[in-house]
Amino acid sequence: GVRETFAMFADETAARLALFRQFEEGGDRELIEIEACALKGSARTLGASEMSDVARLIEHRAASISADELREAIGWLEEANRRMRREFEADFTQAA
């Protein structure tokens, strides 16, 4: 159901954010692009447009994004992820 889908998205997002953090000082730019694309699609499916927009930015800039720009984008993703988790958890609590 919805809770399971959200839980899977939350787990995948946490793993992707950790992976992006590993790439701050370099790394496989193609993998950054692939993971950002996957996050963009997942976020869009769940209606997390802010996360989707930031993931799209990372995806499109993966080949040339600087460590500072990636770090800033990761910060935006983390904040958007926190807000989204709070909103979903509030919705789940109200629905129960």
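All figures in this text were calculated on a predicted structure; none of them were measured in a lab.

## Points about the packing of aromatic side chains
For any pair of aromatic rings, the description rests on two quantities: the centre-to-centre distance and the angle between the ring planes.
Next, step 1: The final tally for this structure, using the stated rule, is 1 aromatic pair.
Next, step 2: Between Phe6 and Phe88, the aromatic rings sit 4.5 Å apart at their centres with planes inclined by 35°, giving tilted as the arrangement. Residue Phe6 is found in helix H1 (residues 2-22), and its partner Phe88 is found in helix H4 (residues 67-95); the two are separated by 82 residues along the sequence.
Next, step 3: By relative accessible area, which is 17% here, Phe88 ends up buried.

## Section: the side chain of Ser52
Next, step 1: Within the fold, Ser52 resides in helix H3 (residues 49-61).
Next, step 2: For Ser52, the contacting residues outside a window of four places in its chain are Lys40, Ala43 and Arg44.

## Digging into the side chain of Asn81
Next, step 1: If you trace the backbone, Asn81 turns up in helix H4.
Next, step 2: Beyond its immediate sequence surroundings of up to four residues, Asn81 is in contact with Thr13, Leu17 and Met51.

## Thoughts on the packing of helix H2 (residues 29-45) against H3
Two numbers describe a pair of packed helices, the interaxial angle and the distance between the axes.
Next, step 1: Taken N-terminus to C-terminus, the directions of H2 and H3 make an angle of 160°; their axes are 8 Å apart at the nearest point. The angle between the axes of H2 and H3 places the two elements in the roughly antiparallel class. Taken as a pair, H2 and H3 cross one another with a handedness that is left-handed. Only Met51, Ser52, Ala55, Arg56, Ile58 and Glu59 of H3 make contact with H2, whose side of the interface consists of Ile32, Glu33, Ala36, Cys37, Leu39, Lys40, Ala43 and Arg44.
Next, step 2: Broken down by class, the residue content of the contact of H2 with H3 amounts to 8 nonpolar, 1 polar and 5 charged.

## Let's talk about the pattern of salt bridges
Next, step 1: Counted by the stated rule, this structure contains 10 salt bridges.
Next, step 2: Residues Arg83 and Glu50 are paired through a salt bridge, measuring 2.5 Å at the closest nitrogen-oxygen approach. Residue Arg83 is located in helix H4, and its partner Glu50 is located in helix H3; the two are separated by 33 residues in the primary sequence.
Next, step 3: The exposure class assigned to Glu50 is partly exposed, which follows from its relative accessible area of 37%.
Next, step 4: The partner of Glu79 in a salt bridge is Arg83, and the shortest N-O contact between them spans 3.1 Å. Note that Glu79 and Arg83 are positioned in helix H4 at a spacing of 4 residues, about one turn of the helix.
Next, step 5: Residue classification places Glu79 among the partly exposed residues on the basis of a relative accessible area of 28%.
Next, step 6: Beyond isolated ion pairs, a larger network of salt bridges with shared partners links Glu50, Glu79, Arg82 and Arg83.

Cut-off values and rules
Residues numbered from 1 in each chain as written. Predicted model: local features only at pLDDT ≥ 70, side-chain atom pairs only at ≥ 80, totals over all residues. Heavy atoms only, no water. Phe/Tyr/Trp six-rings, centres within 6.5 Å; stacked < 30°, edge-to-face > 60°. Helix = DSSP H or I, 4+ residues; strand = E, 2+ residues; numbered from the N terminus. Buried < 20%, exposed > 50% of the residue type's maximum accessible area, 1.4 Å probe, protein only. Contact = heavy atoms within 4.5 Å. Axes fitted to C-alpha atoms, helices over the stretch in contact; angles between N-to-C directions. Parallel < 35°, antiparallel > 145°, perpendicular 65-115°, else oblique. Left-handed = near helix turned anticlockwise from the far one by under 90°. Nonpolar A, V, L, I, M, F, W, Y, C, P; charged D, E, K, R; others polar. Salt bridge = Lys/Arg side-chain N within 4 Å of Asp/Glu carboxyl O.

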